[in-house]
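Breakdown of the fold
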Amino acid sequence: MAGRHAFLPQTLRNTLTRVLNGPQALAFLPAFALGAFWLGGEEALIVVALGMPILVLIAGALGAGTHGAGTHDAATGLPQSDAMIELAEASMTHAAAAKLKTACFVIEIEEFGRIAERIGPGAAETLIARSAARLQTILRNDDGLFRMGEARFGVVLPPMPRLDLETGIQMATRLQTAIEEPLAHDGRTIYLSAGLGFCLSSRSPDDSGAAMVECAGIALDEARRSGPSAVRAYSPEMGQIRHRRDTLCTEALIALESGEILPWFQPQISTDTGHVTGFETLARWIHPERGLIPPADFLAVLHDAGQIERLGEVMLYGALTAVNAWDAAGAPVPTIAINMTGEELRNPKLADRMRWELDRFDLAPGRLTIEVLESVVAGAPEDMTARNLARLSEMGCRIDLDDFGAGHASLAALRRFAIGRIKIDRSFITHVDGDPEQQRMVNAILTMADRLGIETLAEGVETAGEHAMLAQLGCRHVQGFAIGRPMPFDATLDWMRGHAARLGTPPRIGRGSG
């Protein structure tokens, strides 16, 4: 546990610890002894002999109080998470006794995994070291700086008389600015963004350093959910939200493995013929007590728990099983669409796994559509995402770009990622039948897609008027509540029969349709 010496300037603490602590100190004993005897005779030699063990013990206490088990990160030379908690503990104790205030900050470089994939692990560690050096330049000697994880740093401030929310935000801005200053690497400029969370001692739920550090991490989680380069200060409400989210996460993991989270299917039809051209697979969780859980709620917690790829496996299995079942029932659906996240698309084994699954179900790759969000490909470099989409396209799978118009995908990205169809975001579709401006926007998208040889599908079609206007404008496919709501597999055959009856003709949903 750190004592009063914990608030010595950090550079002095580090120097004393490294020189005197552990086996390094033993290497200096002969030199100290010889020098003492030469300068002061036997009396000085005795003083050194008695004093060196005391100095070593002091250094050991400094090391324990400042650096946890004396461990330092190899790339930055910084102490790590355990040391941060110990210093936060000492800072909280000192602040409470002296009626002062303290705070801790947690800052994380965003999308660092993607950056490391692009520049290589060695260069990525160099980037981390340079970021740590930048943070050190803006911190005072008695501020504690730590490396908490791959791309995460922690800062503990010493007790001080005035430390309020405004002061915390000012410090957060300085830390964030230091990280986000462009870095030159290998002849090019790397632009970083960083999210940050912090907790003031006055807002911590108790007087422990561990609680203050944990609350700063909770604030960082909220910042990450808010978007790039966000800063959040911890509040008690965040703790309550975190508790509810943790509970939901536990239940979602159990539901995923027990089969409570299932694929549902939403139909897509041709505006020319009205025939079914495919279904999109959507995850739905029917909670035994709370009913339907909104996908946005449980998808987020599964993502945070690192289980989004497992969910993808469940959805893929359900989708391919449904295609085989429709075939067996005499109502073959041309394509089934599944959604893929950035994590899944960066898996180097993705294409091989998809080929194996298609072979296992004896399905042609053209029956499977991969939907990828525009936000995923908007800033993606020439990395595994591009290679995987190219391989899937070469296999014969179809690639849809979802939520087109809501993100920032370039025209070049449409070609680079082998996009075969764009799904026009619902923000352009709502009230398109009565809004000339919406009609002009949709018409511009349709014209662009036609020139590029890319098909189009409008999603979020909720009224017959919107459906009719989109057909008039020339959009080839539509999907939305006006066509059919997401439904469990058992309801799909009845829906297809009813839809065919409404068309007034027998079902014509063979392989060549659409």
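All values reported here derive from a predicted model rather than from experimental measurement.

1. A few points about the overall build of the protein chain
From N to C terminus, the protein chain includes 19 helices and 17 strands. Within the protein chain, the proportion of its 514 residues that are buried is 47%. Counted over contacts in the protein chain with a minimum sequence separation of 6, partners at least 24 positions apart contribute 68%. Summed over all atoms, the accessible surface of the protein chain reaches about 24100 Å², with 57% contributed by carbon and sulfur.

2. Quick notes on the confidence of the model for the protein chain
Of the residues in the protein chain, 82% have a pLDDT of 70 or more, and the chain-wide mean is 83. A low-confidence stretch, residues 506-514 (pLDDT under 50), is modelled with 22 contacts involving residues beyond four sequence positions or located in other chains.

3. Overview of helix H7 (residues 209-226)
Helix length check: H7 (18 residues) gives 26 Å between terminal C-alpha atoms against 26 Å at 1.5 Å per residue, within 8%. A large share of H7 lies buried, amounting to 13 of its 18 residues. Phi turns positive one or two residues past the end of H7, at Gly227, with a value near 125°.

4. Section: the pairing of strand S8 (residues 261-270)
For S8, a buried count of nine out of 10 residues is recorded, marking the element as mostly surrounded by other parts of the structure. Pairing analysis gives nine bridges linking S8 to strand S9 (residues 276-287), with the strands arranged antiparallel. Of the residues in S9, the one forming a bridge with Phe265 is Thr281. Count of turn residues in the S8/S9 antiparallel hairpin: five residues, of which Gly274 carries a positive phi of about 80°.

5. Focus: the environment of Glu371
Structurally, Glu371 is set in strand S12 (residues 368-373). With relative accessibility at 1%, the residue Glu371 sits in the buried group. In the structure, Glu371 is positioned 50 residues away from Arg421 in sequence and 9.4 Å away in space, judged by C-alpha atoms. Sequence-distant contacts of Glu371, defined by excluding residues within four places in its chain, comprise Gln268, Glu280, Ala337, Ile338, Asn339, Met340, Asp400, Asp402 and Lys423. Among the polar contacts listed, one links the side chain of Glu371 to the side chain of Lys423, at a separation of 2.8 Å.

Conventions adopted
Here the residue numbers are simple positions, counted from 1 along each chain's written sequence. Note on the predicted model: pLDDT of at least 70 is required for a residue's local features to be given, and 80 or more for side-chain atom pairs to be given and counted; whole-chain, interface and lining totals, by contrast, use all residues. Side-chain metrics rest on all non-hydrogen atoms present in the structure, leaving aside hydrogens and water. Numbered from the N terminus, helices here are DSSP runs of H or I no shorter than four residues, and strands are runs of E no shorter than two. Accessibility here uses a 1.4 Å probe with only protein chains present; expressed as a share of the type maximum, an area under 20% marks a residue as buried, one over 50% as exposed, and anything in between as partly exposed. By the convention used here, residues are in contact when the closest approach between their heavy atoms is within 4.5 Å. Note on areas: these come from Shrake-Rupley sampling with a 1.4 Å probe, and a residue is covered only by the protein chains present in the view. Per-residue confidence from the predictor is reported as pLDDT, which spans 0 to 100. Each helix should span, by expectation, one fewer than its residue count multiplied by 1.5 Å. In short, DSSP must find at least two bridges between two strands for them to pair. In protein, a polar contact means a hydrogen-donor-capable atom and an acceptor-capable atom, both N or O and within 3.5 Å, with residues adjacent in sequence counting only if both atoms are side-chain atoms; elsewhere, any N or O pair within 3.5 Å suffices.

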